[in-house]
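Next come the chains, spelled out residue by residue.
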Amino acid sequence: MVMAVVAAAALRSSSTRLSRLLPGVCGEAWGHQARRGAVLRVLPFIPTQDPDVIKKMPEDFRAVYPEFLPGPKPEYRNRLREKLERQDMLARRSVMPIPEFYVGSIMAVTVADPNASGKNNRFVGICIQRGDAGLRAWFILRNVVDHQGVEIKYEMYSPLLQSIEVLRLEKRLDDELLYLRDALPIYSTFPLDMEPEVMQEGAPVPVNPIKVQLKPRPWHERWERKNLQGVMDLGLPERFYKKAKLHEKPWEKYDLMKEYRATIPEEEQADIFREISPHYPLMESTRRRGKRKRVLPSIS
Amino acid sequence: MALPKLQCITHALKNLSLLSHPDQRALVCVNQVRAMSRVKRRHTVPPFWLPKTTRTMYPEHMTPENEVFLKDVIEEKYSSPLKTECWERGTWAKNSMRCGLIGRKIGIYPMWTKDGTRLLTTLLQVSDNQVIKYIKPEDIVQGKRKRYRELGALVIGADHIDPRIVTKEYYSVFSEAGVMPKKKMSKFLITPNAKLSPGTPLYASHFQPGHYVDIAGITIDRGFQGVMKRWGFKGMPASHGVTKSHRRGGNIGSGGDKARVLLGTKMPGHMGRERRILRGLKVWRINTQHNVIWVHGPAVPGGVGSYVYIYDSVLPDHRHTQENHPPFPTCFQDEEEVEEELYDQELHTFREPSVQFVEK
Amino acid sequence: MNQAEIRKLIPAVRVAINAKHRKFSNPKGPEGRLTMLRKTVTELVKLERVELNYQRGDEARGYAERLIAMAIKHGDRHIPTMEMANYWLTEKQLVHKLFKVLAVRYKDHTESYTKLHKAPNIYPGFYRERVVLELKGNPFPPLEKKNSSHNWIHNILLEEAHQDYIRKKLKEGERSN
């Protein structure tokens, strides 16, 4: 029975004492019905005894499979529920493999649609955003069809999805490409019958350094305040940038606890990897499907 | 003029209706309650007649070896086969009521049906449920409602507590049954044919996918809330001359004959932390290894980690019949073999191939 | 969106923390809050033992633990760590102390680097919970004395009971054999 490591003199609430003695809730925020103003205390994560567990985790695990990491909000967290969710995710992936993709990759998704001819609907688009953890994980594909911008949100683990293909695997300079809504349509247009491009096995994911040109204002958001890397010079009058500076929060990058509360710690990620590692080879084999080019060593 | 109703409050553990004979009750008049609007909703302390669960802890400075020894003794004591007498197991008859379970809400996640419809399911974990006591129909403290059938009660407990931190009074509740002290207890009314001997463990397989349950729980505490969130008032416009009344309640009376504010007028106040029952929730899936039940919808009262009380549904549409009744009086998982994962027929298990629509 | 940040890999903080940050409302706003916590962390690294109010001590503890963990993991050649240490430690010789003394001291620690003790509240006066926040391994005499309690009566009696228990088990084992 592993106990939460809490300094004896620092016990502030009786709930911490009880959780030391109740098996199965160690290391977990005790979410019993508390009064509204009551404080939720998050106990430290207790890693497994294996000292090499962090080293065994691949470097890119959290980038390729981000939805396996649970959502960081402690009010919704429960180890058992996360474990059951991961089991379901792995079961679904064994039936329909989900390839590696990033925001900026061009993908084709086929869904079962009772109203479509041939009962399947295929859509090609650029991934502009992906979000949520676990079985709720989704991504948005954008394309311009007949001069009309179309965005479709797909739930990755929905059984209606027949296949997800990555036509071009690449990253962009930003984590979210929502500014494509205000960019010239050419930047969001991709042919619906696009062929999958050659993907190098084992090569790092290329970063597309393209700088997108935005249409004149009004926009959906104040892009000058968002610190975007992937857009051309916005060409706005000086007052916009002055106002943007007032809204900047330069101290936030030094706020260590704010960034900690938004992340899952290293040891926990390694534990999650350890849990799913029996299924990892199967997932890796389907990670980069499509035309693959083997890079042969040169003889010279 | 109607006399004010007297509340009979039983005090001290031995008078608890859960456990005692009605003759031992002491009648004490505590409060004259004239209307529900006068009942205090926010209780920061438990009622005075409930026994203290945990004793006052002092630093004991016990050596680590002694701690280990005590843990071993406790494990040995409670892991030995229970001294439960094997009672006769009843069979299902029409209008039988069996006990429910005490679970904890552990989260919400989406599932899909075989035709692709997405639904949200709440996961409820049933951990260490055991029968503490059976109360015969003659010993039930009768409420004011006249009952037309004989009903006994089963006291079910959930989640162990270390016996060392528990008060003697509270411990005596469990010593008869020979079970480890429990954190949460609840009384479930049953027909006598559903009785179970004290110490019987209860598992999630007590319910089955495809059946319906009612869930009682305490809703999330939202604190002091205004009239818009609490009662759904529409408020007033943000501009167009409205002075200082954008989220207020507006008029509170009609004047004239009734020259007063009527009882029960909706006003701001404490919202949440109340017991509510949600009826007719379908059980979609059960995991017998971890004792988890997947129940329809995200609206189970309470936040993640709160306790809920799960009953068989009383709704007329979901009444049990001879053909489709669940294991009665419960599923004895230790004796029979149960599959690890049980799914409803309409549910898409993730191992099945993707949903496809066939061209007609 | 309830989605974890994946840009950085952060080691777990080994103390209990509140799910939400404490606001510490300040005329300068969130920046003033961080400035206040900076002062606390600097004092802690400089003096190794500080007495303050519980709320401030508990909040600063998280930041101190994270700073030390970063220093241990990345060392003093890593630019983001140096910038972070430069921000959090307002006296520059303390940056050297962090990397050269504290990181070395706590290199092989598996538990937390700080300890929070309850301190006597200041009486009379406005009631404030006081604590002493200290770095482990500091040169001062310990605040809490460890009671060697193996000579106490209840421990002696329990030991004897333990021996009896073992003897009983052995007898039962022999009998069954």
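Predicted model only: the values in this text are computed from it and were never measured.

1. Some words on the overall build of chain B
1) Next: Along the backbone of chain B there are three helices and 15 strands.
2) Next: The buried share of chain B, taken over its 360 residues, is 43%.
3) Next: Counting only contacts in chain B whose residues sit at least 6 apart along the sequence, the fraction spanning at least 24 positions is 78%.
4) Next: Of the roughly 20,900 Å² of accessible surface on chain B, a fraction of 53% belongs to carbon and sulfur atoms.

2. Considering the overall build of chain A
1) Next: For chain A, the count of helices and strands is eight helices and ten strands.
2) Next: In chain A, of all internal contacts separated by at least 6 residues, the share reaching a separation of at least 24 is 67%.

3. With respect to the sheet that holds strand β3 (residues 114-119) of chain C
All names here are of chain C.
1) Next: The strand order across the open sheet built from three strands is β2-β4-β3, with neighbouring strands paired in antiparallel fashion. Across the chains shown, the open sheet's two edge strands, defined by having one partner strand only, are β2 (49-53) and β3. The average undirected angle you get between the axes of adjacent strands in this sheet is 25°.
2) Next: In this sheet, strand β4 (residues 130-135) lies alongside β3 in antiparallel orientation, the contact comprising six bridges. Bridged to K118 within β4 is V131.

4. Considering the pattern of salt bridges
1) Next: Counted under the stated rule, the structure contains 50 salt bridges over all chains.
2) Next: For the salt bridge of A:D175 with C:R7, the shortest nitrogen-to-oxygen distance reads 3.2 Å. On the criterion of chain membership, the pair formed by A:D175 in the loop between β7 (171-172) and β8 (199-200) and C:R7 in the segment before β1 (17-18) is interchain, its members lying in two chains.
3) Next: Taken together, the shared-partner salt bridges in this structure form one network comprising A:R41, A:D255, C:R22, C:R33, C:D58 and C:E59.

5. Quick word on the interface of chain B and chain C
Quoted interface sizes are often the accessible area lost when the parts come together.
1) Next: Of the residues lining the interface, ten residues belong to chain B; the matching set on chain C comes to twelve residues.
2) Next: Both faces combined, the contact of chain B with chain C buries some 920 Å², and carbon together with sulfur accounts for 60% of it.
3) Next: When residues of chain B are sorted by the area they lose upon contact with chain C, B:H61, B:N66 and B:F69 head the list and together hold 56% of the total.
4) Next: Across the pair C:K169 and B:E76 runs a salt bridge, and its minimum N-O distance is 3.2 Å.
5) Next: One can count seven residue pairs in polar contact (both at pLDDT 80 or more) joining chain B with chain C.

6. Some thoughts on helix α4 (residues 79-95) of chain A
1) Next: Along its 17 residues, α4(A) runs 25 Å from first to last C-alpha, staying within 8% of the 24 Å computed at 1.5 Å per residue.
2) Next: Restricting attention to buried positions, one finds in α4(A) the residues A:L80, A:R81, A:E82, A:L84, A:E85, A:R86, A:D88, A:M89, A:L90, A:A91, A:R92 and A:R93.

7. Thoughts on empty space enclosed by the protein
1) Next: Evaluated as defined, the whole model comprises five cavities of 30 Å³ or more.
2) Next: Estimated volume of the largest cavity: approximately 60 Å³.
3) Next: As for the largest cavity, its lining consists of A:P66, A:E67, A:L69, A:R130, A:G131, A:D132, A:A133, A:A137, A:W138, A:M156, C:Q3 and C:A4.
4) Next: Tallied by class, residues from the lining of the largest cavity come to seven nonpolar, two polar and three charged.

8. Quick word on the interface of chain C and chain A
1) Next: Taken together, the 48 residues of chain C in the interface contact 47 residues of chain A.
2) Next: In total, chain C and chain A occlude about 4,300 Å² of area from one another, counting both sides; carbon and sulfur atoms represent 58% of this.
3) Next: At the boundary of chain C and chain A, one finds six salt bridges.
4) Next: Note that A:D255 and C:R33 form a salt bridge whose closest N and O atoms lie 3.8 Å from each other.
5) Next: For the pair chain C and chain A, the number of links is 23 residue pairs in polar contact (both at pLDDT 80 or more).
6) Next: Mapped onto the side of chain C that touches chain A, the elements with two or more residues apiece are β1, α1 (30-47), α2 (54-74), α3 (79-88) and β3 of chain C.

9. A few points about unusual backbone geometry
Residues apart from glycine generally show negative phi values, whereas peptide bonds are mostly found in trans.
Residues and elements named next belong to chain B.
1) Next: In this structure, the amide linkage connecting F328 to the following residue, P329, adopts the cis form with an omega of -5°.
2) Next: Mapping P329 onto the fold places it in the loop between β14 (307-312) and β15 (341-343).
3) Next: The phi dihedral of H61 falls on the positive side, at around 50°, and the residue is not glycine.
4) Next: We classify H61 as partly exposed; its relative accessible area is 30%.
5) Next: Even without being a glycine, D128 presents a positive backbone phi close to 50°.
6) Next: Locating D128 in the fold gives a position in the loop between β4 (118-125) and β5 (129-135).
7) Next: Look at D128 and you get partly exposed, because its relative accessible area is 36%.

10. Description of the pairing of strand β2 (residues 106-112) of chain A
All names here are of chain A.
1) Next: With respect to burial, β2 is a largely interior element, seven of its seven residues being buried.
2) Next: Because side chains alternate across β2, one face comprises the buried residues I106, A108, T110 and A112, and the other comprises M107, V109 and V111, equally buried.
3) Next: Pairing geometry for β2 and strand β3 (residues 120-131), over seven bridges, is antiparallel. Across the sheet, the residue bridging to V111 is N121, located in β3.

11. Let's talk about the sheet that holds strand β6 (residues 152-160) of chain B
All names here are of chain B.
1) Next: If you walk across this open sheet you meet the four strands as β7-β6-β5-β8, and the pairing is antiparallel. Looking at the sheet topology across the chains shown, the edges are occupied by β7 (182-190) and β8 (201-202).
2) Next: Relative to β7, β6 is paired through eight bridges, and the arrangement is antiparallel. When the sheet's bridge partners are listed, G152 is paired in β7 with I190.

12. Observations regarding the nonpolar core
1) Next: Core analysis: the biggest nonpolar cluster contains 79 residues, and A:F61, A:F139, A:Y179, A:L180 and A:L214 have the highest contact counts within it.
2) Next: Among the nonpolar cores identified, the runner-up in size contains 44 residues, and C:I10, C:L52, C:V95 and C:A103 belong to it.

13. Structural notes on the confidence of the model for chain B
Residue and element names in this part refer to chain B.
1) Next: With 87% of its residues at a pLDDT of 70 or more, chain B shows a mean pLDDT of 86.
2) Next: Predicted confidence for residues 1-29 stays below pLDDT 50, and this span has 53 contacts to residues more than four positions away or in other chains.
3) Next: Reported confidences for the modelled complex are a pTM of 0.88 and an ipTM of 0.92.

14. Concerning the side chain of A:E100
All names here are of chain A.
1) Next: Along the chain, E100 turns up in the loop between α4 and β2.
2) Next: Residue class for E100 comes out buried when judged on its relative accessible area of 2%.
3) Next: Within the local environment of E100, its side chain forms a polar contact with the side chain of Y102, the two groups lying 2.5 Å apart.
4) Next: There is a polar contact of 2.9 Å between the side chain of E100 and the side chain of R287.
5) Next: Excluding anything up to four places from it in sequence, E100 contacts V64, V166, L169, V205, R287 and R288.

15. Re the packing of aromatic side chains
Residue and element names in this part refer to chain A.
1) Next: Under the criterion given, the structure shown has 19 aromatic pairs over all chains.
2) Next: Geometrically, the ring pair formed by F61 and F273 is edge-to-face, given 5.3 Å between the ring centres and 70° between the ring planes. Residue F61 is located in helix α3 (residues 61-64), and its partner F273 is located in helix α7 (residues 266-276); the two are separated by 212 residues in the primary sequence.
3) Next: Take F61: its relative accessible area is 0%, and that puts it in the buried class.
4) Next: Look at F273 and you get buried, because its relative accessible area is 10%.
5) Next: The ring of W138 has K153 lying over it, and the distance from NZ or CZ to the ring centre is 4.3 Å.
6) Next: For the cation-ring pair, K171 lies above Y102, with the distance from its terminal atom to the ring centre recorded as 4.7 Å.

16. Observations regarding the pairing of strand β12 (residues 275-287) of chain B
All names here are of chain B.
1) Next: Relative to β12, strand β9 (residues 212-218) runs antiparallel, the two sharing six bridges. If you follow I215 over to β12, its bridge partner there is L278.
2) Next: Inspection of the sheet shows β12 paired to strand β13 (residues 292-296) by four bridges, in the antiparallel sense. When the bridges of β13 are listed, N287 appears paired with V292.
3) Next: Here β12 folds back onto β13, and the loop between the two strands holds four residues, one of which, N291, carries a positive phi near 60°.
4) Next: Where β12 lies against β15, three bridges are found, and the strand directions are antiparallel. Among the inter-strand pairings, N287 is bridged to a residue of β15, identified as E341.

Cut-offs and rules
- Residues numbered from 1 in each chain as written.
- Chains lettered and ligands numbered in written order.
- Predicted model: local features only at pLDDT ≥ 70, side-chain atom pairs only at ≥ 80, totals over all residues.
- Heavy atoms only, no water.
- Helix = DSSP H or I, 4+ residues; strand = E, 2+ residues; numbered from the N terminus.
- Buried < 20%, exposed > 50% of the residue type's maximum accessible area, 1.4 Å probe, protein only.
- Contact = heavy atoms within 4.5 Å.
- Areas by Shrake-Rupley, 256 points an atom, 1.4 Å probe, with all protein chains shown as cover.
- Pairing = 2+ DSSP bridges.
- Axes fitted to C-alpha atoms, helices over the stretch in contact; angles between N-to-C directions.
- Salt bridge = Lys/Arg side-chain N within 4 Å of Asp/Glu carboxyl O.
- Buried area = accessible area lost by both parts, 1.4 Å probe.
- Polar contact = N/O pair within 3.5 Å; in protein donor to acceptor, adjacent residues only side chain to side chain.
- Expected span 1.5 Å × (residues − 1).
- 1 Å grid on protein atoms, 1.4 Å probe; cavity = no way out; pocket = protein on both sides within 12 Å on 5 of 7 lines; lining within 4 Å.
- Points joined across faces, edges and corners; volume = space filled by probe spheres on them.
- Nonpolar A, V, L, I, M, F, W, Y, C, P; charged D, E, K, R; others polar.
- Core = buried A, V, L, I, M, F, W, Y, C linked by side-chain atoms within 4.5 Å.
- pLDDT = per-residue confidence, 0-100.
- Phe/Tyr/Trp six-rings, centres within 6.5 Å; stacked < 30°, edge-to-face > 60°.
- Lys NZ or Arg CZ within 6 Å of the ring centre and 35° of its normal.

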